[in-house]
Amino acid sequence: MIDNSLEYDPTEDITNILLTRDSLDEIDNLILSTRKFKLQLSGEIESKAEEEETESKENLEEDDKVKVKELMDKLMSEYTITRETSVHTQENIRKLTQGISKLDNAKQNLTQTMSFFQNLKIMTDCYIQCKTLLESGSFQEMVSPYRIMYSLAETTFTTYKSVSEINKLLTAIARLKADVFEKIKAKYTGLLRNGTLGANEGDGEDKPNELRDGACELLDSDQSSKSSLIDWFIGKLLYEMREIFQIDDEAGSLENLSRRYIYFKKVLNNFHSNLEKYFLPTWDLPIHIASTFIDMTKRDLDMLLKREFHDKSPSIDLFMMSLQETLEFEKYINVRFSKMLNCKSKLSTSFEPYLNVWVSHQDKLMDKKMLGYMSEGKFPENTTDSFIVPSSADIFRNYRTVLSQTLELIQDNKDNKILIELAAFFTKWLGLYANKILEPLILPDNIEIEDKEECAKYTVLVVNTAGYCSSTIEQLEEKLMEFAPDTEQISGVFIQTKSKYDDLAARGMNFLLNRIIAVELSFVWREFKNVDWGHVMIEDYSRYMQTLKNLLRINRNQPEGKDQLMLDFILKNFNRDIYQWNFLDKVINLVLSEYLSSILKMLQPVPPYASPNTPPKLTPSLVVNIGEQLSLDIDLLKTVLIQLPETVAGDSDSGSNSTSMKRTKKRIESDIDKLLKFTKLLVAPVDVPETYAETYEQLTGGNDDSTIWSFTLSLKALPWDINQWKQLWAEYKKALEVRKQEEKNIDHSLLIMDWCPKPMMQFQTNICRIQVKEWSEFVRNDLRIHPPARTIQRATKPVTQKPRPQPQENKMAGLRDLVSSSGIFDR
């Protein structure tokens, strides 16, 4: 069987085991036995390997322990030897350098001692030199040694005060410094007494230099002495003024405030002329003098104003006079010192608690000005620059002055109260100005116009002035809001006033449109009505259209005169481009709506509808002729209207003018196209319902309003044949269904009928009153037309539109500069 030798050959055993056929039945047992033996053998191998590994590790650990111990013993031996060597070496080095260290300390001590005695000698020599120069009064020569002595005494020898000799020398230096200060003060005392150095103190032009470049330079070394001398000198300089202008004396009262300012100016000028040359410029002595005077005067002003307003009836004139004089003095100081003065506060701040008096005083001044505005002429002397009421510019110039002065007074004060009071003051007088000056210039509706040109001239003046005031109010509001901590309170004050001026401008526009231009155009519509439309010859433009062309003619080069047309006159006198374009839009609206209204009145059927007793007003063939003549007239109307924006734009290269012209021309072309489509509907045949439905759908953009559809048929003078109407409606409904299926847009507007809706509403009312049952059911059930609401108002007159804000570059020249990009209220 299995041999344990390395030369074992398993072939022989396998042959013996599988020798017979029956042995194949035991193959599974053979495999199982073989697998068990294999596992047993693997276990023995692993066990043997682990035993060998354990033995190997034990042997290795024993060897390592021996080696580590030997290595540690060797390292400790080497460390001990190295430490002994280091200690021995250090001791040798200390013995070698001990003498050198003592030598260095001795050298350092010797150097410090020599420096000390050298500085002591220098300080002593400087002291002796300064004492000698002081006796002779030679400050300029004394500057250099004095600075050296003072520097050494303050820095080098302060730590040696314990040495009695050093302390005595420092005490002598301090006494010398005091003597220098007293000597300099004595020199300036004589200077103040005589205005210049006296003869007993020496002559020559070097005396100012002696004090300026000598005494002042000496004091520059000691800031304490310098400040003391400046304060003493200013006190002496202003002593006489303090004595004169005491607040308990008459000279120190508010009535004599101007004398106090004048006296100080004399003191300042005298100092500049006679004394300033004796001081260094870097001392800025004039600024110190002015600052001291302002602080002193402010304390007096606070007390004087408190006393004045403690009384129940203070003098407003005295307050205003004092305030004005103070503002002028501050302006003088700012100019004199180029705003470099740095005092505790400005004199004018004393008046801040009483600024309500300032506003009350402005009320009185504005009352007088308002009386002057009412009596003076309303037209400017030079109309080439602007066309506004001159007093409107004057009132805003006054406002600018008041605002500037108030802002100067409040400075950085964040109290909103005075600004709100000021805003209320502005709005009060602006409201009165609008009511008393501008509003009376617009002719009331119940007064007949006698001179159209004069009336138009005044009304244009109001529109221009109201627009100018409105835009300037915005600037005033913005300027106040810059300084107000609560901007909402300021903005709310001006809303009503600005709205008043905007309403005035709109009223003026409506007056010019409805009572000037509309009256002139009424002759055109009378001519239209008088045309014999029953016998129209389609050969040339109608007479009424020629008249309209003449009335809408604009000639910018034509001088003013009796032959000037009102439209030309009005547009020429507007001082802002936005007003010209706005009014031109209104005129175009008026012409188109009145023209359409005249056409509809002529074509609309006579009620009652669908009645055999009502004769037809027109015939379908006659309406076709009228429609063709209207198409020809509308062609001329387009030419006339297109020329208007081109003429208004003129030769100007202004971007806004060019844009406005393009916009207006595009709008005219669009409206004329709508009119032409309407005339095409008038001439479109209704014999074939399918064809008419297609034509109507194309011309109206698939409009689905049955009222407009019915109204158009009535204008075509279609007989009240219910079958024909039903057939036409059925075909059009089919056309609308096709349009919906093709996902085309459906027009829900009133087309051009919204220009003048009254005729269509009359038609709507009349068709709903038809008494014939079949017609009544068709109108109600098929067409779904209902009576119009009674609240619908007349819309024959164009709706008033507020002038749109104009870009800065289009504002008026001359006086127009007052509202230019810089603004009248820019400081």
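Quick caveat, the model's predicted, so the values are computed rather than measured.

A.B. asks: An account of the overall build of the protein chain is requested, with residue identities and associated values reported.
C.D. replies: Within the protein chain, the regular secondary structure consists of 25 helices and zero strands. Taken across its 827 residues, the protein chain has 43% of its residues classed as buried. Considering only contacts in the protein chain between residues 6 or more positions apart, those separated by 24 or more positions represent 77%. With an accessible surface of roughly 46400 Å², the protein chain has 51% of that area assigned to carbon and sulfur atoms.

A.B. asks: Talk me through the side chain of Thr427; I want residue IDs and the actual numbers.
C.D. replies: Tracing the backbone shows Thr427 in helix 13 (residues 417-438). Look past the residues within four positions of Thr427 in its chain and what remains in contact with it is Val493, Phe494 and Thr497.

A.B. asks: Could you give me a rundown of helix 25 (residues 773-782), with the residues and numbers involved?
C.D. replies: Of the positions making up helix 25, those classed as buried are Trp775, Phe778 and Val779. Along the axis of helix 25, the buried positions cluster into a sector of 95 degrees, meaning they face one direction only. Against helix 23 (722-741) and helix 24 (758-767) lie the buried residues of helix 25. Downstream of helix 25 by a residue or two, Arg784 has a phi angle that is positive, lying close to 55 degrees.

A.B. asks: Give me the packing of helix 6 (residues 223-237) against helix 9 (residues 285-310): which residues, what numbers.
C.D. replies: As a packed pair, helix 6 and helix 9 sit with axes 10 Å apart at the nearest point and diverge in direction by 60 degrees. When the interaxial angle is binned, helix 6 and helix 9 end up oblique. In this structure, helix 6 crosses over helix 9, and the sense of that crossing is right-handed. Of the residues in helix 9, those touching helix 6 at Ile230, Phe233, Ile234 and Leu237 are Leu285, His288, Ile289 and Thr292. For the contact of helix 6 with helix 9, the class distribution of residues is six nonpolar, two polar and no charged.

A.B. asks: An account of the nonpolar core is needed here, citing residue identities and associated values.
C.D. replies: Tyr188, Phe583 and Tyr595 are the most contacted members of the largest nonpolar core, which totals 227 residues. With 16 residues, the top contributor of residues to this core is helix 18 (residues 577-603). Once residues within four sequence positions are removed from consideration, Tyr188 is found in contact with Leu211, Cys216, Leu229, Trp232, Phe233, Tyr278 and Phe279.

A.B. asks: Which residues make up a nonpolar patch on the surface, and what are the values?
C.D. replies: There is a patch of nonpolar side chains on the surface, built from Ile14, Ile17, Leu18, Leu24, Ile27 and Ile31 and spanning about 480 Å² of accessible area. Elements represented by at least two residues in the nonpolar patch include exactly helix 1 (10-17) and helix 2 (27-136). Mapped onto the elements, Ile31 comes out in helix 2. When its relative accessible area of 43% is taken as the criterion, Ile31 is described as partly exposed.

A.B. asks: An account of the packing of aromatic side chains is requested, with residue identities and associated values reported.
C.D. replies: All chains considered together, the criterion is met by 43 aromatic pairs. Relative to Tyr732, the ring of Trp729 has its centre 6.4 Å away and its plane inclined at 45 degrees; by these criteria the two rings are tilted. Of this pair, Trp729 and Tyr732 both sit in helix 23, separated by three residues, roughly a single helical turn. Neither Trp729 nor Tyr732 differs from the other in exposure class; each is buried. Grouped by ring-pair contacts, the aromatic residues Tyr609, Tyr692, Tyr696, Trp709, Phe711, Trp720, Trp725, Trp729, Tyr732, Phe763, Trp775 and Phe778 constitute a single cluster. The ring of Tyr332 has Lys265 sitting right over it, with the charged end atom 4.6 Å from the ring centre. Directly above the ring of Tyr579 sits Arg576, whose terminal nitrogen or CZ lies 5.2 Å from the centroid.

Reading the values: the criteria
Residues numbered from 1 in each chain as written. Predicted model: local features only at pLDDT ≥ 70, side-chain atom pairs only at ≥ 80, totals over all residues. Heavy atoms only, no water. Helix = DSSP H or I, 4+ residues; strand = E, 2+ residues; numbered from the N terminus. Buried < 20%, exposed > 50% of the residue type's maximum accessible area, 1.4 Å probe, protein only. Contact = heavy atoms within 4.5 Å. Areas by Shrake-Rupley, 256 points an atom, 1.4 Å probe, with all protein chains shown as cover. Arc of directions from axis to C-beta. Axes fitted to C-alpha atoms, helices over the stretch in contact; angles between N-to-C directions. Parallel < 35°, antiparallel > 145°, perpendicular 65-115°, else oblique. Left-handed = near helix turned anticlockwise from the far one by under 90°. Nonpolar A, V, L, I, M, F, W, Y, C, P; charged D, E, K, R; others polar. Core = buried A, V, L, I, M, F, W, Y, C linked by side-chain atoms within 4.5 Å. Patch = residues over 30% accessible without salt bridge, like charges linked within 9 Å, V, L, I, M, F, W, Y side chains within 5 Å. Salt bridge = Lys/Arg side-chain N within 4 Å of Asp/Glu carboxyl O. Phe/Tyr/Trp six-rings, centres within 6.5 Å; stacked < 30°, edge-to-face > 60°. Lys NZ or Arg CZ within 6 Å of the ring centre and 35° of its normal.

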